[in-house]
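Here is what each chain is made of, one letter per residue.
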Amino acid sequence: MDSDYANLNCNRNSDNSNSTLEIAYWFIFKMKTYKNLYKKLCNYKNLLSAFKKARKGKSKRDYVINFESELQKNLKCLQEDLINKTYFPSNLKKFIIRDPKTRTIHASIFRDRIVHHAIVNILNPIYEKIFIYDSFASRKNKGTHNAINRFESFIKKVSSNGRLIKNSFNNNSIQGYVLKADFRHYFDSVNHKVLISILRKKIDDENLISLIKIVLENFESSKGIGMPLGNYTSQFFANVYLNELDYYVKHTLKAKYYIRYVDDFVILHKNKKRLKYFLEHINNFLPCLKIKLHPEKTEIHTLKNGITFLGYRIFYHCRLLRKRNIRYFMKKLEKNVSLYNNKEISEEQFESRINGWLGYAEFGNTFNFRNKIFSNILLQKQNDTFI
């Protein structure tokens, strides 16, 4: 095991308590390990399942149609490469998206995506048992809406069901605080040795570990550091990596009202000093994962002013959309209406492009705003003038 990762709580601060170490050693030694997983990964049924998951939502793409045209042959070839240890991924395709945040995506070819799904098919049932309840990203029956509902239930508990502060200026001026944080360049900072050390605590199969290393190393970054946004495995390993923090926060710091969504997390408490204590100890813990909190995006806020979380501005009595997201959508809508009127996209394509965002908007208190959007669309269809 890497010397800098001798145990789960490897920071060397003098205030490191025995209870922290007890949790660490329990976490390392008491969990069941799994063997002979690589054979299951290479099983044809697993590869077929992985193909179906990789194809989902992309069945009309040329590369999917080409692969599926000789499905059994292509899967058998991939199976042989995996069994014979001759599999190696192709170079990633790099591109930029703005949604509205600018992100650099590295996309794998379809064949490699099948391998990614095959890996997660094997690992997910193992790790789903140990992920904390309040980790909401890239997990079945979780997601942003459930995370926000959970966040709002925590607000009610911390504020004693909406108890107002003295001299409150409206009915959203409730008691309580939230530590809101994310990590500086999280995906670019994940340390491969640390991740492999974490995986070895559950996975006793060198063939599977070797394949995971191959996938991790297929990325143009600093050697041994970083995971590509765009790989399905990156989403899964992000949860595995930060599950260490989840356990530390929940079991050592005993923070009751904690939620994590990928690299964003919040902790709620009625006492601001307690949140400062949590933050100090989290900062002391993170060197063992070789990651850091983003100093400009890690703050303690009062609940009375509303909290921006997962695309919404959340108050005790309402849930609003972020203004930045509204501006982005209006520009996108104007462009798509123009494309539709110029017959460059079909009505079906137009609806598919806006329905996702409208679903996001519908989750907030946006009845009047959505009515305005629909009215503008109808008006634009009539006179080709977007308002």
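Owing to the predicted nature of the structure, the values given are computational and were not obtained by experimental measurement.

Participant: Explain the overall build of the chain to me, using residue names and the numbers behind them.
Facilitator: In terms of regular secondary structure, the chain is built from 15 helices and 9 strands. Within the chain, counting contacts between residues at least 6 apart in sequence, those at least 24 apart form 70% of the total. Accessible surface, the chain as shown: approximately 20,800 Å² in total, 48% of it carbon and sulfur.

Participant: Could you give me a rundown of the packing of helix α9 (residues 192–200) against helix α10 (residues 206–217), with the residues and numbers involved?
Facilitator: Helix-helix packing is described using two parameters, namely the angle between the two axes and the distance between the axes. Closest axis-to-axis distance for the α9/α10 pair is 11 Å, and the angle between their directions is 155°. It follows from the interaxial angle that α9 and α10 lie roughly antiparallel. The two elements α9 and α10 cross, and the hand of that crossing is right-handed. Side by side, α9 and α10 meet where His192, Leu195, Ile196, Leu199 and Arg200 of the first sit next to Glu206, Ile209, Ile212, Lys213, Leu216 and Glu217 of the second. Classifying every residue of the contact of α9 with α10 by side-chain character gives 6 nonpolar, 1 polar and 4 charged.

Participant: Quick one: what's the story with the packing of aromatic side chains, residue by residue and with numbers?
Facilitator: Overall, the coordinates contain 18 aromatic pairs when judged by the stated rule. With a centroid separation of 5.9 Å and an interplanar angle of 80°, the aromatic rings of Tyr127 and Phe236 are classed as edge-to-face. With Tyr127 in helix α6 (residues 110–127) and Phe236 in helix α11 (residues 232–252), the pair connects residues that are 109 residues apart, well separated along the chain. There is no split in this pair, since Tyr127 and Phe236 are both buried. Three or more aromatic residues link up through ring pairs in this structure, and these residues are Phe183, Tyr186, Phe187, Tyr241, Tyr258 and Phe265. Across the ring face of Phe136, the terminal group of Lys142 is positioned such that the distance to the ring centre comes to 4.9 Å.

Participant: So what about the pattern of salt bridges? Which residues, and what values?
Facilitator: Counted according to the given criterion, the structure contains 10 salt bridges. Glu68 serves as the salt-bridge partner of Arg55, at 2.7 Å between the closest nitrogen and oxygen. Taken together, the residues span a long stretch of sequence, with Arg55 in helix α3 (residues 44–55) and Glu68 in helix α4 (residues 62–69) at a distance of 13 residues. For Arg319, the salt bridge is made with Glu152, and the minimal N-O distance between the two is 2.6 Å. A residue pair is termed long-range when its members are at least 10 positions apart, and Arg319 in strand β9 (residues 319–321) and Glu152 in helix α7 (residues 143–158) qualify at 167 residues. Given a relative accessible area of 12%, Arg319 falls into the buried group.

Participant: Any details on the pairing of strand β4 (residues 257–261)? Residues and values, ideally.
Facilitator: Here β4 lies mainly inside the structure; 5 of its 5 residues are buried. The alternating pattern of β4 places Tyr257, Ile259 and Tyr261 on one face and Tyr258 and Arg260 on the opposite face, and all of these are buried. Summarising the sheet, β4 and strand β5 (residues 264–269) pair through 5 bridges and their orientation is antiparallel. Looking at the pairing, Ile259 lines up with Val266 of β5. In textbook terms, the turn of a hairpin is the stretch between consecutive antiparallel strands, and for β4 and β5 this stretch comprises 2 residues, one of which, Val262, has a positive phi near 55°.

Participant: So what's going on with helix α13 (residues 323–341)? Which residues, and what values?
Facilitator: Here α13 is 19 residues long and its end C-alpha atoms lie 27 Å apart, about the 27 Å a rise of 1.5 Å per residue gives. Following α13 by one or two positions, Lys343 has its phi on the positive side, about 60°.

Participant: Talk me through a positive patch on the surface; I want residue IDs and the actual numbers.
Facilitator: On the surface, Lys101, Lys297, Lys323, Arg324, Arg327 and Lys331 cluster together into a positively charged patch. Taking the relative accessible area as the measure of exposure, Lys331 reaches 65% and is therefore exposed.

Participant: Please provide a residue-by-residue account of the sheet that holds strand β6 (residues 299–302), values included.
Facilitator: Spatially, the 4 strands line up as an open sheet ordered β4-β5-β3-β6, and their pairing is antiparallel. Looking at the sheet topology across the chains shown, the edges are occupied by β4 and β6. With strand direction ignored, the average angle separating the axes of adjacent strands in the sheet is 20°. Sitting on the sheet, α7 is in contact with β3 (177–182), β4 and β5, with an inclination near 160° to β4. Along the sheet, helix α12 (residues 272–285) contacts β3, β5 and β6; its crossing angle with β5, the most-contacted strand, is approximately 145°.

Cut-offs and rules
Residues numbered from 1 in each chain as written. Predicted model: local features only at pLDDT ≥ 70, side-chain atom pairs only at ≥ 80, totals over all residues. Heavy atoms only, no water. Helix = DSSP H or I, 4+ residues; strand = E, 2+ residues; numbered from the N terminus. Contact = heavy atoms within 4.5 Å. Areas by Shrake-Rupley, 256 points an atom, 1.4 Å probe, with all protein chains shown as cover. Axes fitted to C-alpha atoms, helices over the stretch in contact; angles between N-to-C directions. Parallel < 35°, antiparallel > 145°, perpendicular 65-115°, else oblique. Left-handed = near helix turned anticlockwise from the far one by under 90°. Nonpolar A, V, L, I, M, F, W, Y, C, P; charged D, E, K, R; others polar. Phe/Tyr/Trp six-rings, centres within 6.5 Å; stacked < 30°, edge-to-face > 60°. Buried < 20%, exposed > 50% of the residue type's maximum accessible area, 1.4 Å probe, protein only. Lys NZ or Arg CZ within 6 Å of the ring centre and 35° of its normal. Salt bridge = Lys/Arg side-chain N within 4 Å of Asp/Glu carboxyl O. Pairing = 2+ DSSP bridges. Expected span 1.5 Å × (residues − 1). Patch = residues over 30% accessible without salt bridge, like charges linked within 9 Å, V, L, I, M, F, W, Y side chains within 5 Å. Lys, Arg positive; Asp, Glu negative; His and termini not counted. Charge placed at Lys NZ, Arg CZ, Asp CG, Glu CD.

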